[in-house]
Amino acid sequence: MTIDNQLDQASETESEVVANTDGLMMQLDYAAPSQISQVKESSDSLSKAQTSEHSQHVALFAQLNRSDVNFHGKVKFPLVFRDSLLALFDVVSSDYRYVPKDRSAYTVFMQMRRASSNKNLFTAQRDYFTWLFDNDPLAFCILDPIIQVHEQGVSFEVFSRDEGCYAQLTLTNEIFDQSTKPTLGTTSIDYSAALFNGIEKIRDHQQTVLDIGHEAVGLQLLETTPEPAEADTDSTVSTPTVKKQIIEKRINVPKSWIRALLQVQSASQLPKDTIHLDPIALYNVLFELRMHADIKSKRRGLLIELRPQQLPVIILEPFDITVTSQVSQQQKPYQGQQAKLIRLWGRRRLSLLKRLLPHTDSVSMSLLGQGMPSYWTLKGKGFHFTFAMTGFSQANWSQSLNFDLLLPKRPLHNTLAAIEGLSGSGKATLNDIGDNSNDDNGLPVLIKTLENTPSNLEDLIKSLSVDASLKSVPVSHSQVQQWLLSGTQQGLIRYDIAQGSYYYRPFTQTPLDMAQFAYHNEAEKQAFDLISRTDAVQKFSVETVAVKGITIRADIHVEEDRRTYHSQLQLSDEGLVTKAECSCPQYLQHRLTQGVCAHLIALRLRYNQYDPNNMGNDSWHDTRVLSKRVPSKHFNQPKNKQESVQVAAHSSLMTLPAAPTLDLTALAQPAAQSHATASDKTQETAIAYVYITIAHKKITIEQTIGDKDTRQQLVFNQPAQAKAAFLQHIARFEAKGFIENQGM
């Protein structure tokens with residue numbers, strides 16, 4: 001995969017129609033479209049082992065302008081191979097962006113229909129696809145995956161079109177029977193819809209062969225050229241000549257797509273909470289999502305309840321359906337020290353994993369925090385599949401800024417040139433590398449180590465600590481981790497969550513210009529500059545109102561303008577911006593039609609640094625939401641004695657409880673245990689919410705359990721007394737088993 005930042009004049013003229021000012025032209029040259037074909041006869045270009053009767057030949061053709069990468073092997077488990085590649089295609093072609101109703105497209109369609117009423121079918125189709133290519137060139141374009149052949153097997157990396165899903169598939173050597181030694185390296189492969197349709201036809205009774213390389217069987221295009229025969233005859237003899245078939249793709253890739261891909265891959269290295277599930281638990285989640293449609297204006301989150309030394313619980317909102325994982329004897333409870341309630345969004349994307357569930361042995365989930373990406377790792381015989389699900393589609397400015405604060409500052413230079421200089425001379429030292437910063441001066445040595453052999457973090461620390469070229473640089477756990485994050489952000493390193501290993505994987509053949517990916521736009525760059533100043537954000541306040549959301553206010557002082565602007569944001573329960581106001585000229589003249597101003601972005605960044613638990617906070621208006629799952633008997637009691645008698649009379653007829661929880665894991669429990677826990681599993685549960693609000697000297701406590709609401713108000717003489725009582729009430733409810741729900 002090559003990104004041409006400086007295209008020739010002819011290429012710019014040809015791609016002028018699909019040019020995008022915020023994109024990069026990605027040029028991919030393949031030998032031919034990747035294909036799957038049935039081989040029934042032997043050929044000179046195929047080995048005997050490859051040309052058996054009724055075999056499926058999967059040919060994935062690598063990019064021509066990258067290093068030579070070759071792999072050949074028979075597939076031992078064709079169904080696992082088929083379903084894993086189909087799941088990969090589902091991710092790369094997925095698009096969960098919300099499309100509002102727009103009559104303009106229908107109006108254009110009616111105009112085209114009237115204009116083409118007198119045209120034949122071929123002309124009408126040609127005009128339609130010409131219009132579609134001019135207006136939406138990515139409508140039928142799939143960004144080809146990155147493939148890496150390494151010692152453990154073959155790895156694929158894809159990123160969805162809506163910038164919301166990332167997948168990493170590794171087919172280990174256990175699934176292949178290799179007759180030749182592979183050529184290790186990184187490249188891109190052509191992954192088209194025709195290849196998807198061919199992979200769907202793979203069956204278990206047929207032998208499947210995988211080929212990865214620049215050239216393979218079926219890549220020869222025979223051209224017949226007439227040549228004159230002997231002089232005594234007038235006939236001509238046609239002699240076939242072989243000509244290579246080259247398929248060229250030119251895709252205008254948005255820079256935000258590449259930036260989001262590098263960010264999601266980098267975020268997988270951050271500290272996270274990891275829990276283990278059974279495949280049946282994930283199946284239950286997908287089953288409930290399929291049986292229950294989303295309700296408008298209701299919560300659509302996926303709550304993960306984590307309690308120390310207890311099994312994790314998944315709650316589907318707003319139905320309060322709980323899914324547990326209690327089948328596996330090797331199931332480990334949550335090992336954390338503090339109870340957490342983490343809310344995730346984009347739960348419908350989990351349906352992309354349904355193809356792999358029949359082959360999955362274990363499922364692990366890594367959580368970064370509230371609304372942050374979650375990493376789902378599925379392991380089976382011969383494969384492991386890592387799926388990253390972000391909390392948004394097409395990274396909006398209010399949510400994607402969380403990435404920028406979690407990850408270290410994105411480097412403005414690329415280390416690939418320094419690595420080439422280091423590899424060219426074995427005696428090169430760090431002083432000869434160039435003008436690298438002190439934070440990245442050990443990255444070339446680290447990448448050189450990973451280029452020889454992939455390894456985990458502990459092995460990297462050991463090897464770098466004894467490296468002679470790093471004597472002047474302190475090699476510590478945090479320093480090596482910072483180098484790894486910097487290398488991943490530059491597209492040079494790939495992290496595999498399933499194995500916990502790091503691989504040297506250059507994203508492109510030519511180094512990325514990191515200055516283009518440091519910020520989304522110029523306004524974001526100015527916002528980060530304002531945040532770095534000490535007196536830029538003044539009179540910052542956060543006001544949380546129960547159920548309604550969070551209101552953030554601050555005065556942004558800009559020294560260059562000699563002005564102070566008043567900015568205000570209102571966030572919903574999901575952390576999205578529902579209302580934005582600013583007194584700057586850009587907002588007053590254009591509102592948000594010309595983009596978000598730097599002052600609003602600076603206010604959003606400042607809120608990410610806000611700690612509500614800080615005692616030194618000057619804000620005396622805050623709301624904490626705590627929740628707890630309780631049995632339905634606490635609020636679904638009969639209203640009178642007559643109703644209770646009727647319930648008792650008909651209780652013998654109620655063989656199946658009307659509970660919203662459908663836990664299929666109870667079928668796999670031992671008989672003795674199922675009788676002991678039958679009453680617990682058939683009980684209807686609900687979530688009890690407690691809203692504790694402090695407003696200067698007044699504290700309001702609201703409790704909601706089912707349809708019952710209670711309210712209590714406390715008034716104090718001093719705001720400090722109210723603040724202390726506010727924290728005491730929070731601790732009291734946490735002692736009763738309530739968990740703070742930061743996402744409200």
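If you're wondering where the values come from, they're calculated on a predicted model, not measured in any experiment. (Residues numbered from 1 in each chain as written. Predicted model: local features only at pLDDT ≥ 70, side-chain atom pairs only at ≥ 80, totals over all residues. Heavy atoms only, no water.)

1. Notes on the pairing of strand β29 (residues 621-631)
What counts is decided by this rule: We treat two strands as partners when DSSP finds at least two bridges between them. Helix and strand assignments follow DSSP, with helices taken as H or I runs no shorter than four residues and strands as E runs no shorter than two, numbered in order from the N terminus.
Across eleven bridges, β29 lies against strand β30 (residues 685-695) in antiparallel orientation. Within β30, the position partnered with S627 by the bridge is Y689. Two strands pair when backbone bridges link them, and β29 and strand β33 (residues 739-740) are joined in this way by two bridges, in the antiparallel orientation. The partner of S627 across the bridge, within β33, is I739.

2. Some thoughts on the environment of T449
Heads up, the rule is: Note on contacts: a residue pair is in contact if any heavy atoms of the two residues lie within 4.5 Å. Side-chain atoms alone can form a polar contact between residues adjacent in sequence; in general such a contact is a pair of N or O atoms within 3.5 Å, and within protein one must be able to donate a hydrogen while the other accepts it.
Mapped onto the secondary structure, T449 falls in helix α10 (residues 443-452). Spatially, the C-alpha atoms of T449 and L460 are 8.0 Å apart, while their sequence positions differ by eleven residues. Here T449 is in contact with L460, S463 and L464, once residues within four sequence places are set aside. Of the polar contacts made by the side chain of T449, one reaches the backbone oxygen of V445; its length is 2.9 Å.

3. Details of the sheet that holds strand β16 (residues 302-306)
Sheet strands associate in pairs through backbone hydrogen bonding, adopting either a parallel or an antiparallel arrangement. To be explicit about the condition: Axis geometry follows a simple rule: fit a line to the C-alpha atoms, using only the stretch in contact for helices, then measure angles between N-to-C directions, giving values from 0 to 180 degrees.
A sheet is described by the order of its strands in space; here four strands give the open sequence β18-β17-β16-β19, paired in antiparallel fashion. Single-partner strands in this sheet number two, and they are β18 (321-323) and β19 (340-344). For this sheet, the mean angle separating the axes of adjacent strands, direction not counted, is 25 degrees. One ladder, built from four bridges, connects β16 with strand β17 (residues 313-316); its direction is antiparallel. By the bridge assignment, I304 is partnered in β17 with I314.

4. A word on helix α2 (residues 78-92)
Stated precisely, the cut-off is as follows: Expected span of a helix, by definition, is 1.5 Å for each gap between consecutive residues, and there is one gap fewer than residues. Burial classes follow relative accessibility: with a 1.4 Å probe on protein chains only, a residue under 20% of its type's maximum area counts as buried, one over 50% as exposed, and anything between as partly exposed.
With 15 residues, α2 should cover 21 Å at 1.5 Å per step; its first-to-last C-alpha distance of 21 Å lies within 8% of that length. In terms of burial, α2 is largely enclosed, as 14 of its 15 residues are buried.

5. A short note on the packing of helix α11 (residues 457-465) against helix α12 (residues 477-489)
What counts here: Throughout this description, any angle smaller than 35 degrees is read as roughly parallel, any larger than 145 degrees as roughly antiparallel, any in the 65 to 115 degree range as roughly perpendicular, and the remainder as oblique.
α12 packs onto α11 with a crossing angle of 110 degrees between their chain directions and a minimal axis gap of 10 Å. In terms of orientation, α11 and α12 fall into the roughly perpendicular class. Contacts between α11 and α12 involve L457, L460, I461 and L464 on the former and, on the latter, H477, V480, Q481, W483 and L484.

6. Concerning the nonpolar core
Here is a general trend for soluble globular proteins: nonpolar side chains tend to be buried in one another's company. Operational definition: Put simply, buried Ala, Val, Leu, Ile, Met, Phe, Trp, Tyr and Cys residues joined by side-chain atoms within 4.5 Å make one nonpolar core.
The biggest cluster of nonpolar side chains holds 66 residues, and the ones touching the most others in it are F81, F156, W376, F385 and F387. Among the elements that line this core, the one with the most residues is α2, at nine residues. Ignoring any residue separated from it by four or fewer positions in sequence, one finds F385 in contact with S84, A87, L88, V91, A167, Q168, L169, L353, L356, W376, T377 and L378.

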